[in-house]
Amino acid sequence: MTPGADLLSIAEEWARAGRGVALATVVETWGSAPRPVGSHLVIDGDGRFEGSVSGGCVEGAVVAEAAEVIADGAPRMLEFGVADETAWRVGLSCGGRIRVFVEKVA
Amino acid sequence: MRLELLAELNAARASRRAAVVVTELPGGAQRLVRDPAGDPLEAEIRAALRSGRSGVVEAHGARWFLTAHVPAPRMVVTGAVHISQALAPMAAAVGFAVAIVDPRTAFATSERFPGVDLRAEWPDVVLPGLALDPFTAFAALTHDPKIDDPALKAALDAGCFYVGALGSRKTHAARRDRLAAAGASEEALDRVRAPIGLSIGAASPAEIAVAILAEVVAALRRPEERRA
């Protein structure tokens, strides 16, 4: 039932293999958000990723931010929505707003 | 997330145990909670476990993200009967993994239950492998004490979140006596829902299946509301 349940196994596997890993999680949504709270995206240091936090709309931006998180170890809270010019450009066009927490797995 | 915490979480998920990851926002300090008793966020964690939903909570002047990891609910039924034929696809649609146990091979046929996990075995043979647990609903539907009784006892012992049994009040009174003789406590026997299903005037097997499934969902989502 947990959205993206197997992604946590992937995150553990990648981290144990010595890859830099970040875990992104949808923590809040407003309006018609494409993915429910608790959805995960797992990203490695080379920008490979599994899962989704928005069904494709903002994954690119999250993956880019994840590289920073992997590099400096500090978590980030990202927000995407129609009011946000950047988010509009990357295309959360469903009219919703989401907040994504990105943390390093180490 | 620390790798040790992630490993502990994955181990809990693999063994069908509930757990909640508590993350302080925005700092990211984290802990894994398997037993909420005594936790500063006990009420919030219990609510997350009950609903199975993750979300942000505000408490003690701080914001926390609770990630609820609750095993997928399962339903185990004794009796490859007419009601089960309707119940199995309905329960699957609601998200339950369904298994049906009936040693009577005339009933337990794949023609009657296409695509269903069907075990044509006695409960004492098959139930250990099914590993009943607190995230499993159990319904006894055979009307045959030789099949239903041992399974009911096993379901009560395993702490299944829902235990229901088909039959009238009179039938159930006799069943209570038998299960008590088999070692079930009064407290455990009070957990058996009988007559089974919400009282909606269900007439056909499919309607009875609706009544059972609705009662199961209520037991899952509102465990604090016990039927009188």
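Owing to the predicted nature of the structure, the values given are computational and were not obtained by experimental measurement. (Residues numbered from 1 in each chain as written. Chains lettered and ligands numbered in written order. Predicted model: local features only at pLDDT ≥ 70, side-chain atom pairs only at ≥ 80, totals over all residues. Heavy atoms only, no water.)

### Remarks on the UniProt feature "domain: XdhC Rossmann" (unreviewed entry) in chain B
Reasoning step 1: Under the UniProt annotation, "domain: XdhC Rossmann" (unreviewed entry) lies at residues 75-216 of chain B.
Reasoning step 2: Secondary structure across residues 75-216 of chain B divides into 45% helix and 16% strand, with the first and last C-alpha atoms of the span separated by 9 Å. (UniProt positions renumbered as here; feature names shortened; annotations may be inferred. Helix = DSSP H or I, 4+ residues; strand = E, 2+ residues; numbered from the N terminus.)

### Some remarks on the pattern of salt bridges
Residue and element names in this part refer to chain B.
Reasoning step 1: This structure, assessed with the given rule, holds 22 salt bridges over all chains.
Reasoning step 2: Residues Lys 153 and Asp 157 are paired through a salt bridge, measuring 2.9 Å at the closest nitrogen-oxygen approach. Here Lys 153 and its partner Asp 157 are both found in helix 5 (residues 145-158), 4 residues apart, which amounts to about one turn of the helix.
Reasoning step 3: On the accessibility criterion, Lys 153 (19% relative accessible area) is buried.
Reasoning step 4: Under the relative-accessibility criterion, Asp 157 is labelled exposed at 57%.
Reasoning step 5: With a closest N to O distance of 3.0 Å, Glu 186 and Arg 176 form a salt bridge. Of the two residues, Glu 186 sits in helix 7 (residues 186-189) while Arg 176 sits in helix 6 (residues 169-181), which places them 10 residues apart along the sequence.
Reasoning step 6: By relative accessible area, which is 51% here, Glu 186 ends up exposed. (Salt bridge = Lys/Arg side-chain N within 4 Å of Asp/Glu carboxyl O. Buried < 20%, exposed > 50% of the residue type's maximum accessible area, 1.4 Å probe, protein only.)

### Comments concerning the UniProt feature "domain: XdhC- CoxI" (unreviewed entry) in chain A
Reasoning step 1: Following the UniProt record, one finds the feature "domain: XdhC- CoxI" (unreviewed entry) at residues 14-81 of chain A.
Reasoning step 2: Between the C-alpha atoms that bound residues 14-81 of chain A there is a distance of 30 Å. The span itself is 25% helix and 35% strand.

### Thoughts on the sheet that holds strand 8 (residues 136-140) of chain B
All names here are of chain B.
Reasoning step 1: Pairing is parallel across the open sheet formed by 6 strands, whose spatial order is 7-6-5-8-9-10. Of all strands in the sheet, those with a lone pairing partner are strand 7 (117-119) and strand 10 (192-193), marking the two edges.
Reasoning step 2: Contacting strand 5 (74-78) and strand 6 (97-101), helix 3 (residues 82-94) crosses the sheet at an angle of about 160 degrees to strand 6. (Pairing = 2+ DSSP bridges. Contact = heavy atoms within 4.5 Å. Axes fitted to C-alpha atoms, helices over the stretch in contact; angles between N-to-C directions.)

### A word on helix 5 of chain B
All names here are of chain B.
Reasoning step 1: Here helix 5 spans 19 Å end to end across 14 residues, near enough to the 20 Å set by a 1.5 Å rise per residue.
Reasoning step 2: Restricting attention to buried positions, one finds in helix 5 the residues Ile 147, Asp 148, Asp 149, Ala 151, Leu 152, Lys 153, Ala 155 and Leu 156.
Reasoning step 3: Residue Asp 144 occupies the N-cap position of helix 5, its side-chain oxygen lying 2.9 Å from the main-chain nitrogen of Lys 146.
Reasoning step 4: In the segment just after helix 5, Gly 159 is the residue with positive phi, at about 75 degrees. (Expected span 1.5 Å × (residues − 1). Polar contact = N/O pair within 3.5 Å; in protein donor to acceptor, adjacent residues only side chain to side chain.)

### Topic: the nonpolar core
Residues and elements named next belong to chain B.
Reasoning step 1: By size, the foremost hydrophobic cluster in this structure holds 27 residues, and its most contacted members are Met 75, Phe 96 and Leu 141.
Reasoning step 2: For this core, the secondary-structure elements that each account for two or more residues are strand 5, helix 3, strand 6, strand 8 and helix 8 (205-221).
Reasoning step 3: With 6 residues, helix 8 is the largest single contributor of residues to this core.
Reasoning step 4: Non-local contacts of Leu 141, meaning those with residues more than four positions away in its chain, are made with Val 77, Thr 78, Val 81, Ile 83, Ser 84, Leu 87, Asp 148, Leu 166, Ile 196 and Ile 212.
Reasoning step 5: With 22 residues, the next largest nonpolar core counts Cys 160, Ala 165, Leu 179 and Ala 194 among its residues. (Core = buried A, V, L, I, M, F, W, Y, C linked by side-chain atoms within 4.5 Å.)

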